[in-house]
Amino acid sequence: ETLKDGATRLPSEPWYITNLINVYINRGDLNSASVFLDKAIAGDPNNITLVNTKGQLLEQQGNIEEALTFYERALSLDPSSASVNSSLGRYYYNRALAVEDESYGKKKFDEGDRQAAPYYDKALPYYEAAYAFDTERKDKGIAIALRTLYGRQISKAGSSSAKGKELTAKRAEVSAAYGFE
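Residues numbered from 1 in each chain as written. Predicted model: local features only at pLDDT ≥ 70, side-chain atom pairs only at ≥ 80, totals over all residues. Heavy atoms only, no water.

Novice: Is there a simple way to think about the pattern of salt bridges in this case?
Specialist: Think of it this way: side chains of opposite charge can pair up when their charged atoms draw near. Under the counting rule described, the total for this entry stands at 10 salt bridges. Among the salt bridges present, the one from E65 reaches R95, with a minimum N-O distance of 2.9 Å. Highlighted residues: E65 in helix α5 (residues 64-77) and R95 in helix α6 (residues 82-105), separated in sequence by 30 residues. The salt bridge involving R152 is made with E100; its shortest N-O contact spans 3.7 Å. With R152 in helix α8 (residues 140-157) and E100 in helix α6, this residue pair connects regions lying 52 residues apart in the sequence. (Salt bridge = Lys/Arg side-chain N within 4 Å of Asp/Glu carboxyl O. Helix = DSSP H or I, 4+ residues; strand = E, 2+ residues; numbered from the N terminus.)

Novice: Before we go on, may I ask you to explain the side chain of E59 in this structure?
Specialist: Mapped onto the elements, E59 comes out in helix α4 (residues 48-60). Owing to a relative accessible area of 13%, E59 belongs among the buried residues under this scheme. In this structure E59 touches I64, A67, Y71, R90, Y91 and N94, once residues within four positions along its chain are discounted. (Buried < 20%, exposed > 50% of the residue type's maximum accessible area, 1.4 Å probe, protein only. Contact = heavy atoms within 4.5 Å.)

Novice: For this particular structure, what's the right way to read the packing of α8 against helix α9 (residues 162-177)?
Specialist: A pair of packed helices is captured by two measures, namely the crossing angle of their axes and the spacing between those axes. Viewed as axis vectors pointing N to C, α8 and α9 meet at an angle of 165°, and their least axial separation amounts to 9 Å. As far as their axial angle goes, α9 and α8 are roughly antiparallel. Of the two elements, α8 crosses α9, and the hand of that crossing is left-handed. Note on element contacts: α9 touches α8 through K163, G164, L167, T168, K170, R171, V174 and S175, opposite A143, L146, R147, Y150, G151, Q153, I154 and A157. Here the contact of α8 with α9 is composed, by residue class, of 7 nonpolar, 5 polar and 4 charged. (Axes fitted to C-alpha atoms, helices over the stretch in contact; angles between N-to-C directions. Parallel < 35°, antiparallel > 145°, perpendicular 65-115°, else oblique. Left-handed = near helix turned anticlockwise from the far one by under 90°. Nonpolar A, V, L, I, M, F, W, Y, C, P; charged D, E, K, R; others polar.)

Novice: Help me out: how do you make sense of the packing of aromatic side chains in this one?
Specialist: Between two aromatic rings, the relevant description is the distance of the centres plus the angle of the planes. All chains considered together, the criterion is met by 9 aromatic pairs. Ring centres of Y71 and Y91 lie 6.1 Å apart, and the angle between their planes is 70°; this geometry places the pair in the edge-to-face category. With Y71 in helix α5 and Y91 in helix α6, this pair connects stretches of sequence that are 20 residues apart. For Y91, a relative accessible area of 2% translates into the label buried. On the numbers, 6.0 Å between centres and 10° between planes, the contact of Y92 with Y126 is stacked. (Phe/Tyr/Trp six-rings, centres within 6.5 Å; stacked < 30°, edge-to-face > 60°.)

If you want it as structure tokens, here you go:
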């Protein structure tokens, strides 16, 4: 109730809005979160945090294509945002996993690998950008995704090839930066 009151009295104060939306999400009340988030975005349409959060919420609700629209909008507002780049990377990474799951469930493993590969390829530059912009190394999810994506590419290129060695070095750099290994 305090957050609702604060958001009503101080609609331009993002702290109340963001935390109220988080309460709704944590309660599993995605519809209320969505309604409140829409009102918040209407009041502050260029707020990157709100726009990115709307994309994440839509993705959780299964509105995949609409989520992408919000992520792209957030990226246009701030291309140097680690969180937005990470959201876009995660979006494509999750699309790859969904394609694999569907194909693997039908015992079509090669087809799943082939269809998922473009999504993994799209995810990589967003995660690399997120890594570049996450200078405080707070989001370990970026490192986990990059390590996996680099690992996939290393296995394709061969670890002893020049490309494989370059990717192995990048993977090691990311691991060290986030305190893995």
